[in-house]
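# Architecture and fold: a report
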Amino acid sequence: LPMHALPDVEGALTTLGERLGRPAEAAARRAEIAAAKAAAGKRRVGHGHAVLIVIDRAPGGLDGMIAAATGTWLDELVAMTGAGNVLAGAATRYPKLSAEEIVRAAPDTILDVSYAADPATAAREWAARPELASVPAIAQGRVRVLKAPYFLAPSPRLAAALTELEAALGP
């Protein structure tokens, strides 16, 4: 089953529910997903936030950064909170980033979901790059590390992902 975006999760639930003879359970899960989306849409915790979503980088530093742009699972999640992805409209779904592009994008919040991200050291790693000092997210200490597996790929655990994401975007 394809698994690239939320519609894929919903379709997979329908298919698996039918194949396993458990359509009611699949429908209940889809209803939970719809409720989580609707609730996040009402809260709009991320409204007005410009977010950069880093999905890969070198351990212990920021070399080799790759981010999530339009058309990705993480972009979908960010949009559900009302926040905007600073890479909306990028030519590829997962562009490589330079420090100059991050400065130009000027995100309010950086979500670091990379395997290399360590919650204990990530803020220092980002702040250690003098060329990024003017980036609002770094200047204001808004680098957030998200390590839960439901951030790495589309999942029916949408409510949990949105709860954690909203906490990262909140005050």
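The sections below set out a description of the structure shown in this document. (Residues numbered from 1 in each chain as written. Predicted model: local features only at pLDDT ≥ 70, side-chain atom pairs only at ≥ 80, totals over all residues. Heavy atoms only, no water.)

## As for the packing of helix 2 (residues 23–43) against helix 7 (residues 158–169)
At a closest axis distance of 9 Å, the pairing of helix 2 and helix 7 adopts a crossing angle of 20°. If you check the angle between helix 2 and helix 7, you find them roughly parallel. Contact residues: helix 2 offers Ile33, Ala36, Lys37, Ala40 and Arg43, while helix 7 offers Leu158, Ala159, Leu162 and Glu166. Here the residues of the contact of helix 2 with helix 7 sort into six nonpolar, no polar and three charged. (Axes fitted to C-alpha atoms, helices over the stretch in contact; angles between N-to-C directions. Helix = DSSP H or I, 4+ residues; strand = E, 2+ residues; numbered from the N terminus. Parallel < 35°, antiparallel > 145°, perpendicular 65-115°, else oblique. Contact = heavy atoms within 4.5 Å. Nonpolar A, V, L, I, M, F, W, Y, C, P; charged D, E, K, R; others polar.)

## Some thoughts on the side chain of Ser155
As for its placement among the helices and strands, Ser155 is situated in the loop between strand 5 (143–145) and helix 7. Given the relative accessible area of 11%, Ser155 is considered buried. Engagement of the side chain of Ser155 in a polar contact is seen with the backbone nitrogen of Arg157, the distance being 2.9 Å. For Ser155, the residues in contact, after removing those within four places along its chain, are Val9, Trp73 and Tyr150. (Buried < 20%, exposed > 50% of the residue type's maximum accessible area, 1.4 Å probe, protein only. Polar contact = N/O pair within 3.5 Å; in protein donor to acceptor, adjacent residues only side chain to side chain.)

## Focus on a nonpolar patch on the surface
Taken together, the side chains of Leu1, Met3, Leu16 and Leu20 present a nonpolar region at the surface, about 390 Å² in accessible area. Its location among the elements puts Leu16 in helix 1 (residues 6–19). Since its relative accessible area comes to 40%, Leu16 is described here as partly exposed. (Patch = residues over 30% accessible without salt bridge, like charges linked within 9 Å, V, L, I, M, F, W, Y side chains within 5 Å. Areas by Shrake-Rupley, 256 points an atom, 1.4 Å probe, with all protein chains shown as cover. Salt bridge = Lys/Arg side-chain N within 4 Å of Asp/Glu carboxyl O.)

## Overview of the nonpolar core
Generally speaking, soluble globular proteins have nonpolar side chains that are buried together. With 27 residues, the main nonpolar core has Ile53, Leu74, Leu77, Leu111, Phe151, Leu158 and Leu165 as its most contacted residues. Mapped onto this core, the elements with two or more residues apiece are helix 1, helix 2, strand 1 (50–56), helix 3 (73–80) and helix 7. Among the elements that line this core, the one with the most residues is helix 7, at six residues. Once residues within four sequence positions are removed from consideration, Leu74 is found in contact with Ile53, Ile55, Ala68, Val113 and Phe151. Grouped together as the second largest cluster of nonpolar side chains are 17 residues, Met65, Ala67, Leu87 and Ile102 included. (Core = buried A, V, L, I, M, F, W, Y, C linked by side-chain atoms within 4.5 Å.)

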